[in-house]
Amino acid sequence: MDLSSINPVLLVASIMVSATPILLAAMGEMVVEKSGVLNLGVEGMMITGAVVGFAVAVNTTSPMLGFVAAAIAGAALSLAFGFLTQFLLSNQVATGLGLTLAGLGLSALIGKPYEGMKSPTLPKLDIPVLGDLPVLGKMVFSHDIMVYFSLALVVAVWAFLKHTRAGLILRAVGESHDSAHALGYKVVRVRLIAILFGGACSGLGGAYLSLVRVPQWTEGMTAGAGWIALAIVVFASWRAGRVLIGAYLFGGVTVLQLNLQAAGANVPVALLSASPYLITILVLVVISARGNHGAPAALGRPFHASH
């Protein structure tokens, strides 16, 4: 095994790219779950965002328009989930699973003509001074705008939930929708806005896969990223900082195992391929086992105004 072929600078840069789609989807899902709604359709919204973003980017030659379209597509799909669960009071788990299946089928249909095509991708940002730093420049300050957007999103969501009145209302709805309703807050409206935000973030995560990480469309290219995002939210105890750690941990192990395969590691390929999932879940289980789980009390429970 030749470890000298692994470049640490490129490794860290690759980790940031690898973690971004999962971080985007997980932050969106965390806000949804903080409002008391469990949406298991993250995978479906991600794959829909991936194919719609790719199709729009190819046809307009603008990757940014692709990202906008992906966010809208993810939000539209989540709106269907919101209508079924918040107005028709359908089971959230079953509806979320149905959303994933619908997204996978829809993406296969839309993406058929685009197989084998290359898409325009986002340019790397040339950050003055910071980008010219010896090692850190290439490692941290030479990425596309969505990498930095995902990091800014973590800070924004944390600040919103912790320090704003709207964030307090959203958390109150997630803890006790009946009490929030009694105080005059519009529970269904708050949850619908959270669901739309989560869908848009999942769509952006999917588009990042098809427009930046692997700038082409292949059927089923999310490969379980949505499920990992869901797991990270739970094991990170619904905390923005821990979600960031979980996403980067998964991205790190994913990139590392690919590098080890390329370096000729004497480990079965199947075990290396499974290692990102196993290690991420193991570490996050250890973190969550330390207590203070923080699950919203009303998570997954339907709300009816007459209750």
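Before any of the text, the structure's been laid out above.
What comes next concerns the included structure. None of the values given here were measured: they were computed from a predicted structure.

Reading the values: the criteria
Residues numbered from 1 in each chain as written. Predicted model: local features only at pLDDT ≥ 70, side-chain atom pairs only at ≥ 80, totals over all residues. Heavy atoms only, no water. Helix = DSSP H or I, 4+ residues; strand = E, 2+ residues; numbered from the N terminus. Rg over C-alpha atoms; globule rule 2.2 N^0.38 Å. Buried < 20%, exposed > 50% of the residue type's maximum accessible area, 1.4 Å probe, protein only. Expected span 1.5 Å × (residues − 1). Contact = heavy atoms within 4.5 Å. Polar contact = N/O pair within 3.5 Å; in protein donor to acceptor, adjacent residues only side chain to side chain. Axes fitted to C-alpha atoms, helices over the stretch in contact; angles between N-to-C directions. Parallel < 35°, antiparallel > 145°, perpendicular 65-115°, else oblique. Nonpolar A, V, L, I, M, F, W, Y, C, P; charged D, E, K, R; others polar. Core = buried A, V, L, I, M, F, W, Y, C linked by side-chain atoms within 4.5 Å. Bend = angle between axes of the 7 residues up to and from the residue.

Moving on, we get to the overall build of the chain. When helices and strands are counted, the chain shows twelve helices and zero strands. Taken over C-alpha atoms, the radius of gyration comes to 20 Å for the chain, in line with the 19 Å a tight globule of 307 residues would show. Its C-alpha atoms give the chain principal-axis dimensions of roughly 65 × 45 × 45 Å. Per-residue burial over the chain gives 50% buried out of 307 residues.

Let us now look at helix α6 (residues 145–163). Here α6 contains 19 residues, and its C-alpha end-to-end distance of 26 Å stays within 8% of the 27 Å for a straight helix at 1.5 Å per residue. Packing partners of the buried residues in α6 comprise α1 (8–34), α3 (63–87), α5 (136–140), α7 (165–175), α9 (187–213) and α11 (240–262). A side-chain oxygen of the first residue of α6 lies 3.1 Å from the backbone nitrogen of Met-146; this N-cap is Asp-144.

By secondary structure assignment, the location of Leu-278 is in helix α12 (residues 269–289). For Leu-278, a relative accessible area of 53% gives the class exposed. Between the C-alpha atom of Leu-278 and that of Ala-94, which follows or precedes it by 184 residues, the distance is 26 Å.

With that out of the way, let us pick up unusual backbone geometry. Here Ser-237, not a glycine, exhibits a phi torsion of approximately 55°, which is positive. Relative to the elements of secondary structure, Ser-237 occurs in the loop between α10 (225–235) and α11. Although it is not a glycine, Trp-238 sits at a positive phi angle of roughly 60°. Along the chain, Trp-238 falls in the loop between α10 and α11. Residue classification places Trp-238 among the buried residues on the basis of a relative accessible area of 8%.

The next subject is the packing of α7 against α9. Between α7 and α9, the shortest axis-to-axis distance is 10 Å and the interhelical angle comes to 105°. It follows that α7 is roughly perpendicular to α9 by the angle criterion. Seen from α7, the contacting residues are Ile-169, Leu-170 and Val-173; seen from α9, they are Val-187, Val-190, Arg-191 and Ala-194. When its residues are assigned to classes, the contact of α7 with α9 shows six nonpolar, no polar and one charged.

In terms of nonpolar packing, the biggest core is built from 73 residues, with Ile-22, Met-27, Met-30, Phe-67 and Val-243 touching the most fellow members. Among the elements of the structure, α1, α2 (42–60), α3, α6, α7, α9, α10 and α11 are those that each provide at least two residues to this core. A total of 14 residues in this core trace back to one element, the largest contributor, which is α9. In contact with Phe-67, not counting residues within four places along its chain, are Leu-122, Met-146, Leu-204, Ala-207, Tyr-208, Leu-211 and Val-212.

Between its first and last C-alpha atoms α1 spans 37 Å; for 27 residues at 1.5 Å apiece the expected length is 39 Å, and the two agree. If you look at α1, its biggest bend is around 35°, right at Thr-20, and the proline Pro-21 turns up within four residues after that. Where burial is concerned, most of α1 is hidden: 22 out of the 27 residues are buried. Directly after α1, the chain includes Gly-36, whose backbone phi takes a positive value near 95°.

On their own, these measurements won't tell you what the molecule is for.
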